[in-house]
Every structure is written in C-alpha cells, then in structure tokens.
Amino acid sequence: MDNKFYTGRVFLDIQKAFDRMWHVGLIYKLVQLNFPKYLINILKSFLGNITFKVIIHDESSNTGVIKTETLQGSIPAILYTIFTSDFPSEPRIITCLFADDSAVLAQSSTINYILRAVQSFLNSLEEWLTKWRIAVNTDKTKAIMFRKGRTNYNLDNLELFDQTMEWVTEYLG
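About the thresholds
Residues numbered from 1 in each chain as written. Predicted model: local features only at pLDDT ≥ 70, side-chain atom pairs only at ≥ 80, totals over all residues. Heavy atoms only, no water. Salt bridge = Lys/Arg side-chain N within 4 Å of Asp/Glu carboxyl O. Helix = DSSP H or I, 4+ residues; strand = E, 2+ residues; numbered from the N terminus. Buried < 20%, exposed > 50% of the residue type's maximum accessible area, 1.4 Å probe, protein only. Patch = residues over 30% accessible without salt bridge, like charges linked within 9 Å, V, L, I, M, F, W, Y side chains within 5 Å. Areas by Shrake-Rupley, 256 points an atom, 1.4 Å probe, with all protein chains shown as cover. Pairing = 2+ DSSP bridges. Axes fitted to C-alpha atoms, helices over the stretch in contact; angles between N-to-C directions. Contact = heavy atoms within 4.5 Å. Expected span 1.5 Å × (residues − 1). Polar contact = N/O pair within 3.5 Å; in protein donor to acceptor, adjacent residues only side chain to side chain.

Colleague: Residues and numbers for the pattern of salt bridges, please.
Modeller: If you walk through the whole model with that rule in mind, you get three salt bridges. With a shortest N-O distance of 2.6 Å, K29 and D86 are connected by a salt bridge. Of this pair, K29 sits in helix 1 (residues 23-32) while D86 sits in the loop between helix 3 (74-83) and strand 6 (94-98), and the two are 57 residues apart along the sequence. Since its relative accessible area comes to 5%, K29 is described here as buried. Residue classification places D86 among the partly exposed positions, given a relative accessible area of 33%.

Structure, rendered in structure tokens:
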C-alpha cells in the first residue's frame, strides 16, 4: 500500500463447500498424496455410510442414506482443505484460502496489468473448478480494487463462467 500499488481482489463464494464435496475426487486426491490405505478406508466408510432417521413422538421414518453431503464440523473442514490443496497457482496471483473462503489477488502499478492477470487466472480456475466439481456462486462472487488514497476507478469487467463479476467498494463476506 505504501508503494501506491493497486490491489485487485476477487472473493469467491464457493457453494456449499462442505455439503457438496465430491467424495470420489477426495479419495483420489488422498491416494495421490500417499495417505495410508487404512485411513483412506476409514474415510470412505465415514463418507459413504451416513444415515438418518426422523422420529416424531412415537413414530419414526425409514432409515435414509445421505449420498453426497459431508457433515459440517472440524473433520469436513480438514477434508475440504485436503481436497483443495491443489488449488491453482500462478506467479502473478496471490491465493488466500481458509476452509471454504477463497480469494485471489494481484498487485501492480497499473490497473490493466491486474485485470489481465486476474482474468487469466479466473479462466484457468474455471477448468480446475469444473474438473473437481466445485460450484461457485457467481452472483455472490465479488471483486474489489483499491489503492492508498484512491477509491474511484473505471474498471473493465471480470468474468467467471461467462458471468460478469460485480465490482464493489467494500466487502464484508
């Protein structure tokens, strides 16, 4: 900020990150990362055998099986972190990941450089998100540009999955 660089940031809104994590993809990544087979088998069992039953007064429903969701909590957060450990990277882009919160940013003395760098990254990110079945809520994904002492910019649009990203002046997540 003291160098008066512009900073462009995109806040990605991942849709139901824990709830919709692709289990087969997660197991594949665990194998690729050389996790012990016994641990992978435990996780497969945990992810594949989640059941539920509804009981109201003395009446109960049949037992149902949850096939695609992952229960929220500390274990799913760790699993999601492993699942996204190969999040794309690029020398011109800084990625910030914490559980299901994701942001990408670039800094430069020119706005045009930032716009080109971020859009190029978003284009490659689309491929990764599609491959690993991660959905982004493009309506809630926002972009912000800032520089010390300046707040008003004329900015070209950024796009993700053919959706124009809204430029905002503040982001509260």
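So that's the structure; there's more coming.
Colleague: Would you mind going over a nonpolar patch on the surface in detail, with residue names and values included?
Modeller: A cluster of nonpolar side chains, F52, V54 and I56, forms an exposed patch at the surface whose accessible area comes to about 270 Å². Residue I56 is classed as exposed on the basis of its relative accessible area, which comes to 52%.

Colleague: How would you sum up the sheet that holds strand 8 (residues 142-146)? Please name residues and give values.
Modeller: The five strands are arranged 6-7-1-8-11 in an open sheet whose pairing can be described as mixed. Looking at the sheet topology across the chains shown, the edges are occupied by strand 6 and strand 11 (166-168). Sheet twist, expressed as the mean angle between neighbouring strand axes with direction ignored, is 25 degrees. Relative to strand 7 (residues 101-108), strand 1 (residues 6-13) runs antiparallel, the two being bridged by eight bridges. Pairing of L12 across the sheet is with S102, part of strand 7. Contacts from helix 4 (residues 111-131) reach strand 1, strand 6, strand 7, strand 8 and strand 11 within the one sheet, and its direction differs from that of strand 7 by about 145 degrees.

Colleague: Could you give an account of helix 4, naming the residues involved and the relevant values?
Modeller: Its 21 residues place the ends of helix 4 30 Å apart at the C-alpha level, agreeing with the 30 Å of an ideal helix rising 1.5 Å per residue. Within the span of helix 4, buried status applies to I111, I114, L115, A117, V118, Q119, F121, L122, L125, W128 and L129. Between the side-chain oxygen at the start of helix 4 and the backbone nitrogen of Y113 there is a gap of 3.4 Å, and the oxygen is on T110. A positive backbone phi angle near 55 degrees is found at R133, which sits one or two residues after helix 4.

Colleague: Before we move on, could you go through the side chain of E90 and cite the residues and values that matter?
Modeller: Here E90 lies in the loop between helix 3 and strand 6. Those residues within four positions of E90 in sequence are excluded, and the remaining contacts are A117, S120, F121 and S124.

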